[in-house]
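# Working through the structure, step by step
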Amino acid sequence: MSHFSNVPKIRYEGPSSKNPFSFKHYNPDEVVDGKTMRDHMRFAAAYWHVMRNGLSDPFGSPTAVTPWDDQSNSIDNALKRADVFFEFLDKIDIDYYCFHDRDIAPELNNLAKSNEALEKVTDHLLALQKANNKKLLWGTACLFSHPRYSQGAGTSPNAEVFAYGAAQVKAAMDATLKLGGEGYTFWGGREGYSTLLNTDMKRELDNLASLLWLAVDYAKKIGFKGQFYIEPKPREPSTHQYDSDSAACLNFLRQYDLLQHFKLNIETNHATLAGHTMEHELTVALDANALGSIDANRGDELIGWDTDQFPTDLYLTSSIMMKVLEMGGFTTGGLNFDAKRRRESHEPEDLFHAHIGGMDAFARGLKAAAAIRKDGRLGDFVAKRYATWNEGIGAKIGKKAVTLEEISAHVLSSPEPVIASGRQELLENLVNEFI
Ligand code: XUL
Ligand code: CO
C-alpha cells in the first residue's frame, strides 16, 4: 500500500522540465569531477524531521498530515512509520538516513522496555534496508527530550542521570552497529548551562569527556568501526552549549585527548547561530583534518533561531561543495537534510518538494564548485597571494629557521614592503561567473 500515492518515483528530467516531481539538476549517475553525483553527495534523510516532526511551533499545534500515524506510543505505530519512511526514501532516491533512538522507537519510561522496543524496530529497519538497498549514515541517542535530561545528560549535575544517558548511548550504539551505521553522532542538546550561578563547568566538561571516552571504549569492544562525530551548536535549547562551534569542539576534543576518535558534523543553521558562516565552520574543521559530515539546512536571515529550513541558496551550496571537494570528498560522512518543512507546508507531498529542492540546489553547488576549481583562477590567486612565503625570509620563517635578530637585519636592509590588492570584489565577480 502506498502512502504517497500522488507522488511518482522522482527522476532526473533536466533543467527544462516543468514537472515538480522531478530533479532538474540532480542526476545521480552523472559524473562530475571523476565521481557520480550520488557518490559525491551521499544524501541522507533525517528520520526525526521526515517522520516525527508534526510541524508545531511555540505558538501552535502540529499541522503535518500523517494518515499513517495513529499518534500512539506503540511499537506497531513505530513499525508502520518505518514502512512509510522507506517508501519515501525509495521514491526520493536518497540512499542514506539518520536517526535518534527515540525517533524510530518509543521511549517507554523504563530502559528495559525502551531497549526492547528499539530491538524490535531495528529488526524491521534492517529488513527494510536490505529490501530497499538503503544505508544508515549515522545513529544517535536522544539525550535532550525527556524531562530527566532537562539539566543535561553527560553534563547533568546528577550522576544517575548521566548513567541513564550512558546506558541509552550503549543501546543506540548497539542499534547503529546492527544497522551497519557508518557513523555515530553526539549532539549535546542540553550539554551546557542555563546559568553559571548553579554550574560547575569544569566538572561538567570532565564528565562529558568521560561519556565520549566510554563510547569510544565500547565501540572497540563491540567492533563498531564507524566514525564518531560531534555536532557543534551554540545555544537553543540551552543558553550556552559547550560544543558551541567548530573551534570550541576541537579545543574540547584536544583537551581530553579525543581528537583521534572524533570528527565534526557541521550544520549550517548552527554555524549561523554561532555568528559564523558555514564556510568558516567547515574551514576550521577541515584545517584540523576533522571535517566529517554535514547537516544540510539553512537558517533565516530575519529569524534568530534554528529554523532548520531546506537549503536552496546556490551561493551557500556552492561554498559548501567547494569545501567538500577541497577535502577530497566524504568518506563516512554525507549531506544529511536536517531540515523541516515550514508549518504551512503540511501535506505529505511537501516532503518531496522540500528534498527535491535541497538535492537540486546541492547538484548545482557541486557543478559550480567543480567548475571553479577546474577554472583555477581562484586557486591561483590565493596561491599567488601567499607566494612570498615560498622563498627568502618567508620560507625561513615558515621553517622556523630564523631568529628575531636575523629578521630585524633583513628588514633593515630591505625596502618598505609593497602589498598587493586583496581583490575581494574581483573574486566575488569570478565566483558569480559559475553560479
Ligand atoms: C538539533 C540538531 C539535531 C542533531 C542530532 O539542532 O541538529 O537534530 O542533528 O541530534
Ligand atoms: Co543537526
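Scope of this entry: the structure provided in the associated data block. (Residues numbered from 1 in each chain as written. Chains lettered and ligands numbered in written order. Predicted model: local features only at pLDDT ≥ 70, side-chain atom pairs only at ≥ 80, totals over all residues. Heavy atoms only, no water.)

### Side note on the coordination of the cobalt ion (ligand 2)
Here the cobalt ion (ligand 2) is held by the protein donor atoms Glu-231 (OE), Glu-267 (OE), Asp-295 (OD) and Asp-338 (OD), which lie 1.9 to 2.1 Å from it. When the donors of the cobalt ion (ligand 2) are listed by position in the chain, the intervening gaps give E-x35-E-x27-D-x42-D. In this pair, Glu-231 sits in the loop between strand S10 (227-230) and strand S11 (240-241) while Glu-267 sits in strand S12 (residues 262-267), placing the two residues 36 residues apart along the sequence. Judged by relative accessible area, which is 1%, Glu-267 ranks as buried. (Donors = N, O, S within 2.8 Å, 3.2 Å for Na, K, Ca; no water. Helix = DSSP H or I, 4+ residues; strand = E, 2+ residues; numbered from the N terminus. Buried < 20%, exposed > 50% of the residue type's maximum accessible area, 1.4 Å probe, protein only.)

### A look at the site of ligand 1
Ligand 1 sits among Trp-48, His-100, Trp-138, Trp-187, Glu-231, Lys-233, Glu-267, His-270, Asp-295, Asp-306 and Asp-338. Here an oxygen atom of ligand 1 and a side-chain polar atom of Trp-48 are 3.4 Å apart. Taken by itself ligand 1 offers 300 Å² of open surface, and the protein chains cover 93% of this. Counted by class, the shell around ligand 1 contains 3 nonpolar, 2 polar and 6 charged residues. (Near = heavy atom within 4 Å. Polar contact = N/O pair within 3.5 Å; in protein donor to acceptor, adjacent residues only side chain to side chain. Areas by Shrake-Rupley, 256 points an atom, 1.4 Å probe, with all protein chains shown as cover. Nonpolar A, V, L, I, M, F, W, Y, C, P; charged D, E, K, R; others polar.)

### Digging into the pairing of strand S8 (residues 183-186)
Of the two faces of S8, the one lined by Gly-183 and Thr-185 and the one lined by Tyr-184 and Phe-186 are each fully buried. Pairing analysis gives 4 bridges linking S8 to S10, with the strands arranged parallel. Note on S10: the bridge partner recorded for Phe-186 is Ile-230. (Pairing = 2+ DSSP bridges.)

### Notes on the pattern of salt bridges
A full pass over the atoms with the stated rule returns 20 salt bridges. In this structure, the salt-bridge partner of Lys-9 is Asp-90, at a minimum N-O distance of 3.2 Å. In this pair, Lys-9 is assigned in the segment before strand S1 (11-12) and Asp-90 in helix H3 (residues 75-92), connecting sequence segments 81 residues apart. For Asp-90, a relative accessible area of 29% corresponds to the partly exposed category. Glu-116 is paired through a salt bridge with Lys-120; the nearest N and O atoms lie 3.8 Å apart. Of this pair, Glu-116 and Lys-120 both sit in helix H5 (residues 111-132), 4 residues apart, roughly one helical turn. A relative accessible area of 47% places Glu-116 in the partly exposed class. The exposure class assigned to Lys-120 is partly exposed, which follows from its relative accessible area of 43%. Sharing partners across several salt bridges, the network here consists of Asp-101, Arg-102, Glu-107 and Arg-148. (Salt bridge = Lys/Arg side-chain N within 4 Å of Asp/Glu carboxyl O.)

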